[in-house]
Amino acid sequence: KCEANSASRTQRVISQAERGMTIMKRTVPVAKGEIYTIPIHGLGSNGEGVGRYDGFTVFVPFALPGEIITGRITLVKKQYAVGQVVTIETASPHRIEPKCPVYGTCGGCQLQHVTYEEQCNLKTQKVKDIMERIGHCDPAIVQPTLGPVDPWGYRNKMQLPVGGTVKNPQLGFYAMGSHRIVPCTDCAIQHDANNRMAAVCDELMRTTGIEPYDEITGRGVVRHIVGRVSPQGLMLIIVATVKKLPQADQWVARIRESLPEIKSIVLNYNPKQTNVIMGPQCTVLWGSDTITDTIGNLEFRISPHSFFQVNPAQTEVLYKKALEFAGLTGNETVIDAYCGTGTISLFLAQQAKHVIGIEIVEPAIADAKENAKRNGISNAEFLVADAAEAMPKLVKDGIKADVIVFDPIRAGCKEPVLKAAAAMNPQRMVYVSCNPASMARDICVLRELGYEVQTVQPVDMFPMTAHVECVVLMSRVENQP
């Protein structure tokens, strides 16, 4: 009897599950390969259009809010589908022809088909939506996005994968969502000098007969070309699987002939089968091992491994806004919880009494200390540590901060960092973020710890892409201890 009851219950469970699956299947109103008319009402986190068909969410790359498109479904999931534009029935008034001939194939840009003014509007709205949905804030606190005068040719760093064959080498950018190389040496958002470095390296790959790297087999020699541009000159880095570049003299001579501004030609050794672009070992083939760049009135040493913002003009806009939000008078102790190579720390140090920068990457701290020395700044100290460990330790040691600045990686801050920051009881916190979603999540944690958002300022560091940077001012709620 027990076995019979058990079997009966099992059958009922199976029947209920089958009915549930049938219901689920019925509630997905689209099918892969089919074409539907879809109105687009918003923009997704990666710049894709967000529409609905029969109440079901469909993401459509290169569709714009306000458009009605016919789209072919390419992927179906339980909660959403992905489609591709077949025809645009009603076009947005902000739609334009993209400038780049490989746009839509190359994965570097997502918004070249939109006027730049509207790109800024869309990014403002994106931040408002995130702050309301995730941060539980009034979207009115989000200010209009600050964009550059010229949104083209801004990138001072390029990283081009090299592939193909000896007879047909390919140098360019990865296709959207893949590691297939789209040949390109004339990128519209790259600084012209980067494009010229790309072109001469493309020529050298063809004339020297050096084997391009194959990331599947691990065979080949040259795997990436990295270019860095500064007002003082250029750095070109050849990433290879060998410690000695074949025909290195020919490479150096041709590069110097084509690029009179070149200051540094470096070979980086990376023999590992990995997605990490550069290995730890560098050899200078010609010139200096560093170049210098400036943000505002500060000068920074740039080595092959240095992190440096790719859009210095907009970085200055961002940092000036962070400095404004910090509200420094010259008497404050400031903690920069994710200081990197010290760029924000040194901006703050010019108007603070004392700045403590924390960064887990040791070479970055070495650069930060050198940058402080280079700029004659003596009131900034830098600690090699995980902020999640260093911040609680500073609290235990009785360190107090008047202002705390966060500029974390895309994942945001670890909770111990936020709790330790609040325990220091600063009057203001300034949060700089390249990911508004993780920033909004962290803001919710800080609100519970006694801090409230005053204002959010989006800054467009990466025109033509879906990315947007933000700087946020949070202040201590006055009735908190």
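Placed above this text is the structure.
Here the structure is a predicted model, which means the values were calculated and not measured.

A. Representation of the overall build of the protein in the model. Helix and strand content of the protein: 10 helices and 21 strands. Seen through its principal axes, the protein has C-alpha atoms that stretch 80 × 70 × 60 Å. The 481 residues of the protein split such that 51% are buried. At a minimum sequence separation of 6, the contacts of the protein that also span at least 24 residues come to 64%. As presented, the protein carries roughly 22300 Å² of accessible surface, and 52% of it is formed by carbon and sulfur atoms. Taking the 49 positively charged and 48 negatively charged side chains of the protein as two groups, their mean positions are separated by 7 Å.

B. Region of interest: unusual backbone geometry. Even without being a glycine, aspartate 54 presents a positive backbone phi close to 55°. Along the chain, the position of aspartate 54 falls in the loop between strand 2 (49–53) and strand 3 (56–60). Its relative accessible area of 65% is what places aspartate 54 among the exposed residues. One non-glycine residue, glutamine 247, lies in positive phi territory at about 55°. Note that glutamine 247 resides in the loop between strand 10 (233–240) and helix 4 (248–258). Look at glutamine 247 and you get partly exposed, because its relative accessible area is 37%.

C. Structural detail: the sheet that holds strand 16 (residues 354–359). Spatial strand order, 17-16-15-18-19-21-20: seven strands in an open sheet with mixed pairing. Each of the sheet's edge strands pairs with one partner strand only, and the pair in question is strand 17 (380–384) and strand 20 (451–459). This sheet shows a mean twist of 15° between the axes of neighbouring strands, independent of strand direction. In this structure, strand 18 (residues 403–406) lies alongside strand 19 (residues 428–433), joined through four bridges in parallel fashion. Bridging from a neighbouring strand, valine 405 pairs with valine 430 of strand 19. Of the strands in this sheet, strand 16 and strand 17 are in contact with helix 7 (residues 362–374), which crosses strand 17 at around 170°.

D. Main features of the nonpolar core. Within the largest apolar cluster, 89 residues are counted, with the highest numbers of intra-cluster contacts made by Ile225 and Trp251. Apart from the residues within four sequence positions on either side, tryptophan 251 is in contact with Cys201, Leu204, Met205, Thr208, Ile210, Ile225, Ile238, Leu245 and Pro246. Counting residues in each nonpolar core, the second largest holds 39 residues, with Ala388, Met391, Cys413 and Met424 among its members.

E. Spotlight on the pairing of strand 9 (residues 222–230). For strand 9, a buried count of nine out of nine residues is recorded, marking the element as mostly surrounded by other parts of the structure. One ladder, built from five bridges, connects strand 6 (residues 157–164) with strand 9; its direction is antiparallel. When the bridges of strand 9 are listed, lysine 157 appears paired with arginine 228. Relative to strand 10, strand 9 runs antiparallel, the two sharing eight bridges. The residue of strand 10 that forms the bridge with serine 230 is glycine 233. Between the antiparallel neighbours strand 9 and strand 10 lie two residues.

F. Main features of helix 7. The end-to-end C-alpha distance of helix 7, which contains 13 residues, comes to 18 Å, matching closely the 18 Å that a straight helix rising 1.5 Å per residue would cover. If you check which residues of helix 7 are buried, you get Ala364, Ile365, Asp367, Ala368, Asn371 and Ala372. Angularly, the buried residues of helix 7 cover 160° about the axis, an arc narrow enough to put them on a single face. In this structure, helix 7 carries Glu362, Pro363 and Lys373 as exposed residues pointing more than 90 degrees from its buried face. Residues of helix 7 that are buried make contact with strand 14 (298–302), helix 6 (343–349), strand 16 and strand 17.

Rules used in this analysis
- Per-chain numbering applies: the sequence of each chain, read as written, is numbered from 1 onward.
- In view of the model being predicted, local features appear only for residues whose pLDDT reaches at least 70, and side-chain atom pairs are presented and counted only at 80 or more, with totals across whole chains, interfaces and linings using the full set of residues.
- Calculation of side-chain values draws on the structure's entire complement of heavy atoms; hydrogens and water are dropped beforehand.
- Put simply, DSSP marks the helices as runs of H or I at least four residues long and the strands as runs of E at least two long, and each gets a number from the N terminus on.
- Accessibility here uses a 1.4 Å probe with only protein chains present; expressed as a share of the type maximum, an area under 20% marks a residue as buried, one over 50% as exposed, and anything in between as partly exposed.
- Contacts: residue pairs with any heavy atoms within 4.5 Å of one another.
- Per-residue and other accessible areas follow the Shrake-Rupley method at a 1.4 Å probe size, with only the shown protein chains counted as cover for residues.
- Positive charges come from Lys and Arg alone, negative charges from Asp and Glu alone, with His and the N- and C-terminal ends not counted.
- Charged groups are reduced to one reference atom each: NZ for lysine, CZ for arginine, CG for aspartic acid, CD for glutamic acid.
- Strand pairing is assigned whenever DSSP identifies at least 2 bridges connecting the two strands.
- Under this scheme, a helix contributes an axis fitted over its contacting stretch, all axes are lines through C-alpha atoms, and angles between N-to-C directions fall in the 0 to 180 degree range.
- The definition of a nonpolar core used throughout is a set of buried Ala, Val, Leu, Ile, Met, Phe, Trp, Tyr and Cys residues joined through side-chain atoms within 4.5 Å.
- By this rule, a helix spans an expected 1.5 Å times one less than how many residues it contains.
- The arc in question is traced by the directions running from the helix axis to the C-beta atoms.

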